[in-house]
Protein chains: 4
Amino acid sequence: MSKIKVGVLGATGTVGQRFITLLQDHPYFEVCEVAASERSSGKTYAEAVAGRWKVSADIPPAVAGMTVKEVEPGLDCRAVFSAMDASVAGPVEEKFAAAGYCVFSNSRNHRLDPDVPLLLPEINAEHVKVIEHQQKSRGWKGFIVTNSNCSTMGLVLPLKPLDVEFGLEAVSVVTMQAISGAGYPGVSALDIVDNVIPYIGGEEGKMEREPLKMLGSLRDGTTFIEAGFKVSAQCNRVFVLDGHLECTSVALRRKPPVEEFTRALAEFRGRPQELKLPSAPERPILVRTEDDRPQPRFDRDHGKGMSVAVGRIRPCSVLDYKFLILSHNTVRGAAGASILNAEFLKAEGYL
Amino acid sequence: MSKIKVGVLGATGTVGQRFITLLQDHPYFEVCEVAASERSSGKTYAEAVAGRWKVSADIPPAVAGMTVKEVEPGLDCRAVFSAMDASVAGPVEEKFAAAGYCVFSNSRNHRLDPDVPLLLPEINAEHVKVIEHQQKSRGWKGFIVTNSNCSTMGLVLPLKPLDVEFGLEAVSVVTMQAISGAGYPGVSALDIVDNVIPYIGGEEGKMEREPLKMLGSLRDGTTFIEAGFKVSAQCNRVFVLDGHLECTSVALRRKPPVEEFTRALAEFRGRPQELKLPSAPERPILVRTEDDRPQPRFDRDHGKGMSVAVGRIRPCSVLDYKFLILSHNTVRGAAGASILNAEFLKAEGYL
Amino acid sequence: MSKIKVGVLGATGTVGQRFITLLQDHPYFEVCEVAASERSSGKTYAEAVAGRWKVSADIPPAVAGMTVKEVEPGLDCRAVFSAMDASVAGPVEEKFAAAGYCVFSNSRNHRLDPDVPLLLPEINAEHVKVIEHQQKSRGWKGFIVTNSNCSTMGLVLPLKPLDVEFGLEAVSVVTMQAISGAGYPGVSALDIVDNVIPYIGGEEGKMEREPLKMLGSLRDGTTFIEAGFKVSAQCNRVFVLDGHLECTSVALRRKPPVEEFTRALAEFRGRPQELKLPSAPERPILVRTEDDRPQPRFDRDHGKGMSVAVGRIRPCSVLDYKFLILSHNTVRGAAGASILNAEFLKAEGYL
Amino acid sequence: MSKIKVGVLGATGTVGQRFITLLQDHPYFEVCEVAASERSSGKTYAEAVAGRWKVSADIPPAVAGMTVKEVEPGLDCRAVFSAMDASVAGPVEEKFAAAGYCVFSNSRNHRLDPDVPLLLPEINAEHVKVIEHQQKSRGWKGFIVTNSNCSTMGLVLPLKPLDVEFGLEAVSVVTMQAISGAGYPGVSALDIVDNVIPYIGGEEGKMEREPLKMLGSLRDGTTFIEAGFKVSAQCNRVFVLDGHLECTSVALRRKPPVEEFTRALAEFRGRPQELKLPSAPERPILVRTEDDRPQPRFDRDHGKGMSVAVGRIRPCSVLDYKFLILSHNTVRGAAGASILNAEFLKAEGYL
C-alpha cells in the first residue's frame, strides 16, 4: 500500500519541527510538502530552520532538501498538518479545507467552532461524525479536525474515565508548564532564571472551556452539548524543557475507594488502542505509584511521549481526590495528537 | 538601652545563617552565642561554616570569630533562636525553656503542642497568653514560642483578613517551593535539572494542619480551638533559589466583590505594624496588580523579605476566588518570623 | 552644589534600566531626561518599561512619571549616558557630541575610533587627554567617551597591574557569561535549558582587541599606540543571571612568585580610588582565597557590583599563571562603568 | 554463541546505573551479577535503587529482580565492570583480578599504575600488551584495565590525531562539566542555581596527567613512556544534565592549514571502528561546522553517546588552534568507555 501524501503548514516552528520528526518513517503518511511564512518560502527546509532547529533528533534527510512552499492550496498532498500561528491559521485552514484537503490543526482558531471536532480519539471518537455536517453546511470537499491546547490534553484524557465511572462535578487544576510550550524564541531566559512565571496569556481560558466540548456529546451529528462540570485553571511556566505537570483535584458525583479510582485510570483504553493505531500508546494513562512521580524529566517519554502519566492519587479534603498529571506537551499535547487524529480518521475511512 | 543577649541554636545551617545575618545590627538583640552540633563545636563560626555559607551577604565580622558552643543550656544569653533540625530540636528546646531561656523555635517539633503558641503576631497576637499556662503546667521559667512551616506562613497571612471579613470555608493551595527551603545540601541538582519534584515529605500535612491552629482561638488562656475551614495542599519543588509561590483558591461564607476582596488584603495591618516593630514591614500583604506578578525573583524581597506579595486575584469557577501568594521562605517563612516573634514578645514584656 | 542634569539614551533596555537605578540618588548627577526609540517615545517611563522592567529594585519614582523623549539633541541636560543598540548608536552619539553634550557611551560603535577614549579610569585615566584632540578635529563642543564591552571590563582591570609589574606577553581567556549580557528578551530559555551556548556573536573579537587599546598608550595626546601582548578569547553563555566568569591564563615577561603576583592584584588602586569617586569601590580587585571562588551568585555584588573578584591564582603549565575573574556585567561591565567615567571626567573638570 | 557473563560492582550508583542500561541486550555480554555496598546487599536491585534511579530509561526487567551481592569475589561471572567509589575501589579491584576476573574499572585508583593500561582503544590499543606483564608480575589470573576520567576522555580522543599528524606541544583546556559527573546526590541545587562552580576537586590534576600516559608509548610491553606535551586544565561545573564541554587550545610542532587540521579530526578512525565493535561509533570524532555547536543538549547523543563532537575550529592568537569538544560524560566518558574496552579485549582474545 502506498503512503498518503501529507504536508506540514508552519513547518519551521517548534511544533512544525515535531511534526517533521514524528512523521519520519510513518507507516501511513509521507511528508511531501513543507510550507511556511514568506520569510522561509523558497529556501530548502534545512536552510529555513538553520539556527532554529530545536528538536534533539537531526532533520530527517528526506525533508532537509525540500523547498519550503508558501502556505497556499496547490500543495501536492491529500492532508495537511497545521502548526501555524493562531494569528494566521484561521482563514488559511478554511481555504485548504475548501480546496479539498483534510486539515489536522493544532491551532486554536477553529477548536470551538460548532461544526468542527475537537478530537482526541481515546475520549470522543464519535465526534468525528460532525464532519459530514461541516462539509455540507460549508460546502467543503475537505474538512478541518482540531486537537486541543497542550495543557488541556493532559488533563482531559484522565478526566474521561473519571467522568464515565464516577461523574465529574468540578475540576481544579494548577499547571507547571514547560518552556517548549511557548515556541521559539518564546520565553526569555532572563524571565525564567531563578523564577517562575505565573501567567500564560489565554491559557487558563482554554483549559476551562475546551474540556467541556471534548467531554460533551454530539447530538444528531450536528450539535455539540457541553459537559456540565466546572473547571478552574491556574497556569504557570517553569524552567523545564518538555512536559506539563498538572496538580489536579476533582469533585465526583460518586466518590469511589482509591483502588477503584486508580483502576479506572490505569485500565482505561480507547478506540486508538483497539485499532492499534501507529501512534497510540498501549496504555494511554500510566499510573505511577511512587511518592514523588510523575516528574517531567523521567515520565514525559512513556509511550514515545503519547502516554499521560498520573500519580500521587490521594483524597482531597476540599474536593474528593487530588492527583498529578504529566504529559509531553509537544508530542501528546501537540504534533502527536494531530497525527493520532489523522491515523484515526484514516482508519475510519475519512482519508 | 543595652541590647538583649541572644543565641542561635543550629547556627551553622541555612536557617541558622539567616538568623545570623538578619540579627546583624538589630536594634533589640545582640548575638552573643552560636551553638551547633558536635561536628562544629569548638571551631570558630567562620571555620564551622567554611564552604557552607550560603547567604549572599558576608558573615558578620562580630560573629565570624565566635566559638561555636554545644547545644546545651549554659549559654550566656537571655533568649535563643532555634534553627535545629527537627530530629534533635524537640527535647533540646525543652531543656532550654526549663533552664529559663526564651526559646523562639523554627522547628516543627512543638508547633502543635497544646500549650505552645504557633505565633504570627499579625494574625494571632493573643495566642501568646498561653505562655503563662505553659510555664505553670510545665514548671518552666522560660518558654517556647514557635513559628510555622515556611509554606504555611505565606498562606496563613492573607487567609487572616479573608477569614475575618468573609468567613473562610475551604482553601485549596498548590505550591511551587524554592530549593533553599530544603536546607543544605538539600535538593540534588541531578533531581531538579529540567524537572519539577512534585513531592516534599511531610509538607502537605503541615500546610493542612498549622493554619487551623494559627487562625483558631485560644479559650481561657489554656485551650486552642482549631478553625473550622478545610485546607488541601499540593507541594512541589521548583528550581528557584528563594521564594515560595502558592496558587490558592478559597471558598468563603460571604462572596464579596473583587474590589472588597482586594481591599481586605491590601489594607490589612496587625499588631507588629501598630507597634512599629523593627522587622515588621509597613505592609504585611502587598497586592500586585500586574497580570504576571508576583514572581519569586522580583517579589521576594519586598519589606526586606517580610512582606507577602499577593496577585492575580480573580474569581474561581470551582471555589470563590483564586490568587497567587509569594513569600520569602527563609525570611518571612523562617528566621525573620522567629525574630518578629521575639520582637513582639519583647514589646509585650515577656522578655 | 546643584547636581548636573543628565539624560539616558536607550533608557528602556536592560542597560538603560541599570543606568536609571544606579543614578538614583547619585551625588553628582540627576536624571532629567529619558529617551528611547519611537515605540516608547511619548509614553511615561513606567508605561514604556511595563512588562520589560528586569531590575530587582523598583522603578525610581522620580523617573517613573517622566515622558520618554525621542533620541534627538534638544534634551535639557548637560551629559547623556548612551545605552542604545549598536545598530543605531553610532551617528546619534555623534550628533549629541556635536550639539555640545558630554556623551558616555556603552555601545561599541566608537570604542576603537582613533580619537575616542576607551576609558576605565583605574587603568588608563590619562587617555582622557585625547578629548581635546577629538573636539578640535571634529569641531565638537561636546565629546564622546566610551567604555568597553562587558566581558573585556572584567579582564582588563586585573591585567593592568600584571602588565605594569610583570609585563604581559599573552592572555588566554575562556568566558562563562551571564544571560543578562544579551539584553531582553535576549537569550531564549529554549536555547539555554540543560545547555551551554558556546558562541556569542562578535564577542571574541572585542575581547581580543579592546584590551590592546585600553592598556596601550596615548602619544602626544593624539595617537593611541596599542599594547603589544596577544589575547585569545573563547566566549560562552551559561544559565546565570548576572556575573561574567572568566578562566584566564597569562604569560609574563617576568614570572613572579605567587605571593607577589597575588599582591600586585590585591593592592592595586587607581585614580578613582584616590579621588574617592562615588562609584569607585574601595578595592577594584578583590582577591578570594577559597578553593572554589569567585562564583557568580556570591561574588558579583562586592563593592556594589564595581569590584572585580579574582581567585584560584595558581601556576599554569602552558603559560605562566592561571586564575579566575568574576565581574558584574551590567554594573562594572556596563552602566556602572559609564557612570564612573562620568564621575572621573567631572572630577577632572571636563563636565 | 552464548554471551559472556558479567557483573557490575557499585551497580547502584549513577555510573553503575549506566552500566546496567548500556549492557541491556548487549551482543557479547550478559549482566548476571550486581554488587554494591552493604547498605544495598541482600535487596533486589529495584529495591536498592528505589528513589535513586537517575537514568531516563526504566530499569531493565532482567536486572530489576536480581539480588544485590556484596562486592566480593565469588560472583558467577567472567568479567566485572567496576563503578565503585574511589575510596574503596582500589583493593577490591585487585582482589577480583587476583581471583581471576577481568576487571574493567572506571575508578581512578589504578589508572596510573605502571602495569595497568589506561585504555581507549581508538588511541592506544597497543597498551593492552602490558596485561601479560601485569599478570606475571602480580601473579594474577585475571587483570585490571582502566578507562580515564570523564573529562579526560573527551579531550584525549581528538588530541590523538592532532598529535600523530602535527605533533602536540601544549594543550590548554577549560571545561564546563555536567552535574551528572558528580554522581548522586552530588552537586547541591543550592550551589548551582544562578551560578557556576569553578572548582572540581582533583579534576584538573587528572586532566593534566592522564593524557600523557594515554598518548604515551609502551616500551617492551612493560614500561609506559609519557608523552612530552604539556596540559593545563581549568575545570568548572555548570547546570547541565549530561555532556562535558571543553574549550581547548593547542600548540603544534607543525601548524597545518585549517582544512587539514579539520580533516585530521573528521577522518580519524581507530581499531574499534575497524573491528566494528558493538559500542564503537562509526565516527569517533564528529566535526560540526555551525557557528554555535557543539552544544551539550544537542550533541551529547551522537553515536549513542560514544561520538565526541568537535566544533568552532579556528586559529588561536596565543597557541595555534582553538576548538570546542563535547562528550557524553557518563557514556563515552564512563560506562560506555569501560564496555568498549571489554569489547576490544574480547575481540583481541583476552576474555
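Relevant structure appears above.
A brief look at the structure comes next. (Residues numbered from 1 in each chain as written. Chains lettered and ligands numbered in written order. Predicted model: local features only at pLDDT ≥ 70, side-chain atom pairs only at ≥ 80, totals over all residues. Heavy atoms only, no water.)

Looking at the interface of chain C and chain B
Consideration 1: At the junction of the two partners, chain C supplies 12 residues and chain B supplies 12 residues.
Consideration 2: Where chain C abuts chain B, roughly 960 Å² becomes buried across the two surfaces, and 53% of that area is made up of carbon and sulfur atoms.
Consideration 3: It is S56(C), R297(C) and F298(C) in chain C that bury the most area against chain B; as a group they hold 42% of the surface buried on that side.
Consideration 4: At the surface where chain C touches chain B, the tally comes to zero salt bridges. (Contact = heavy atoms within 4.5 Å. Buried area = accessible area lost by both parts, 1.4 Å probe. Salt bridge = Lys/Arg side-chain N within 4 Å of Asp/Glu carboxyl O.)

As for the relation of the copies chain C and chain B
Consideration 1: Each copy of the sequence occupies a distinct position, and chain C is placed on chain B by a rotation of 180° and an axial shift of 0.0 Å, giving an RMSD of 0.0 Å. The superposition operator between the copies reduces to a two-fold rotation axis. Of every C-alpha in chain C, the one belonging to D194(C) sits nearest the axis of rotation, 3.2 Å from it.
Consideration 2: When you check the interface residues of chain C against chain B, 100% turn up at the interface there too, and the contact is symmetric in its surfaces. (Least-squares fit on C-alpha atoms with pLDDT ≥ 70 in both.)

Observations regarding the relation of the copies chain A and chain B
Consideration 1: Laying chain A over chain B is done by rotating through 180° and shifting 0.0 Å along the axis; what remains is an RMSD of 0.0 Å.
Consideration 2: When the interface residues of chain A are mapped onto chain B, 100% of them again lie at the interface, so the same face is used by both copies.

Topic: the pattern of salt bridges
Consideration 1: Within this structure, the stated rule accounts for 80 salt bridges over all chains.
Consideration 2: Here R254(B) makes a salt bridge to E260(B), at a shortest N to O gap of 2.8 Å.
Consideration 3: A relative accessible area of 22% means that E260(B) is categorised as partly exposed.
Consideration 4: In this structure, R271(D) and E274(D) form a salt bridge, with 3.1 Å as the shortest nitrogen-oxygen distance. (Buried < 20%, exposed > 50% of the residue type's maximum accessible area, 1.4 Å probe, protein only.)

Focus: the interface of chain A and chain B
Consideration 1: On the chain B side, the residues contacting the 49 residues of chain A number 49 residues.
Consideration 2: Between chain A and chain B lies a buried interface of about 3600 Å² when both sides are counted; carbon and sulfur atoms form 51% of it.
Consideration 3: On the surface where chain A and chain B come into contact, there are eight salt bridges.
Consideration 4: With a closest N to O distance of 2.8 Å, E208(A) and K322(B) form a salt bridge.

Quick word on unusual backbone geometry
Consideration 1: The omega torsion of the bond from R293(B) to P294(B) falls at 5°, within 30 degrees of zero and hence cis.
Consideration 2: Locating P294(B) in the fold gives a position in the loop between β12 (285–287) and α12 (296–299).
Consideration 3: Of note, the phi angle at K276(B) is positive, near 50°, even though the residue is not glycine.
Consideration 4: Assignment of secondary structure puts K276(B) in the loop between α11 (271–274) and β12.
Consideration 5: Despite not being glycine, D25(D) shows a phi value in the positive range, around 60°.
Consideration 6: Tracing the chain through its elements places D25(D) in the loop between α1 (14–22) and β2 (29–35). (Helix = DSSP H or I, 4+ residues; strand = E, 2+ residues; numbered from the N terminus.)

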